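# Commentary on secondary and tertiary structure
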Amino acid sequence: MAIAPKANEIGSAIKGLNAYMLQLKVCKNSFAKLYESVKADNDKLEMLIDQANAQGEDVTQSLQLSHVQIQHAQATLETYLKSIDAQMDGASVAKDKLGLAQKQKKTFDVVNLLAMIEKGDGYQL
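Below: a short report on this structure. (Residues numbered from 1 in each chain as written. Predicted model: local features only at pLDDT ≥ 70, side-chain atom pairs only at ≥ 80, totals over all residues. Heavy atoms only, no water.)

### A word on the overall build of the chain
Counting its regular elements, the chain contains 2 helices and 0 strands. When each of the 125 residues of the chain is scored for burial, the buried share is 19%. A sequence separation of at least 24 residues applies to 73% of the contacts in the chain between residues at least 6 apart. (Helix = DSSP H or I, 4+ residues; strand = E, 2+ residues; numbered from the N terminus. Buried < 20%, exposed > 50% of the residue type's maximum accessible area, 1.4 Å probe, protein only. Contact = heavy atoms within 4.5 Å.)

### Some points on the side chain of Asn42
By secondary structure assignment, the location of Asn42 is in helix 1 (residues 10-54). In this structure the side chain of Asn42 is engaged in a polar contact, spanning 3.3 Å, whose partner is the side chain of His67. The residues contacting Asn42, other than those within four sequence positions of it, are His67, Ile70, Gln71 and Gln74. (Polar contact = N/O pair within 3.5 Å; in protein donor to acceptor, adjacent residues only side chain to side chain.)

### Re the pattern of salt bridges
Scanning the model with the defined rule gives 2 salt bridges in all. For Lys28, the salt bridge goes to Asp85, with nearest N and O atoms at 2.6 Å. Of this pair, Lys28 sits in helix 1 while Asp85 sits in helix 2 (residues 61-119), and the two are 57 residues apart along the sequence. Notably, a salt bridge pairs Lys39 with Asp43, separated by 3.7 Å at the nearest N-O pair. Here Asp43 and Lys39 lie together in helix 1, a separation of 4 residues that amounts to about one turn. (Salt bridge = Lys/Arg side-chain N within 4 Å of Asp/Glu carboxyl O.)

### Notes on the nonpolar core
Formed by Tyr35, Val38, Leu45, Ile49, Ala52, Val59, Leu63, Ile70, Leu77 and Leu81, the largest nonpolar core amounts to 10 residues. Among the elements of the structure, helix 1 and helix 2 are those that each provide at least two residues to this core. Sorting elements by how many residues they give to this core places helix 1 first, with 5 residues. Sequence-distant contacts of Leu45, defined by excluding residues within four places in its chain, comprise Leu63, Ser66, His67 and Ile70. Judged by nonpolar contacts, the second largest core, of 7 residues, contains Tyr20, Met21, Met88 and Ala91. (Core = buried A, V, L, I, M, F, W, Y, C linked by side-chain atoms within 4.5 Å.)

### So, helix 1
The first and last C-alpha atoms of helix 1 sit 63 Å apart over 45 residues, in line with the 66 Å expected at 1.5 Å per residue. Gly56 occupies a position one or two residues after helix 1 and carries a positive phi of about 75°. (Expected span 1.5 Å × (residues − 1).)

### Topic: the side chain of His67
Inspection of the secondary structure puts His67 in helix 2. Only 3.4 Å separates the side chain of His67 from the side chain of Glu46, close enough to count as a polar contact. In contact with His67, not counting residues within four places along its chain, are Asn42, Leu45, Glu46 and Ile49.

Next up, the structure:
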């Protein structure tokens with residue numbers, strides 16, 4: 001499901017979805033940058049833990065807690081990124097359906113116009 005602004009016409013709905021999709025892209029890029037930063041921090045912590053283990057030292061509790069917190073942040077950001085991807089997919093499908101509906105409406109309007117011309121009922125362009 002895609003959340004989009006209320007619209008009375010298909011064209012307005014498509015414009016609203018475009019704006020929504022742009023907002024999602026901006027959010028995704030922000031979360032992706034955060035994810036890369038957190039991933040780098042996690043890699044550094046894992047390197048420190050590996051060094052301590054290789055030297056036969058005990059890993060400090062502070063280092064272990066930091067590692068858990070970073071892993072939690074990384075998992076949370078992964079979830080956000082997947083959620084945004086799903087929302088973008090839903091918005092894209094909705095936009096495609098609205099585009100088809102808009103084309104069908106134009107086709108239907110042309111058919112109605114031709115029918116009015118044939119009957120001589122008059123028409124407005």
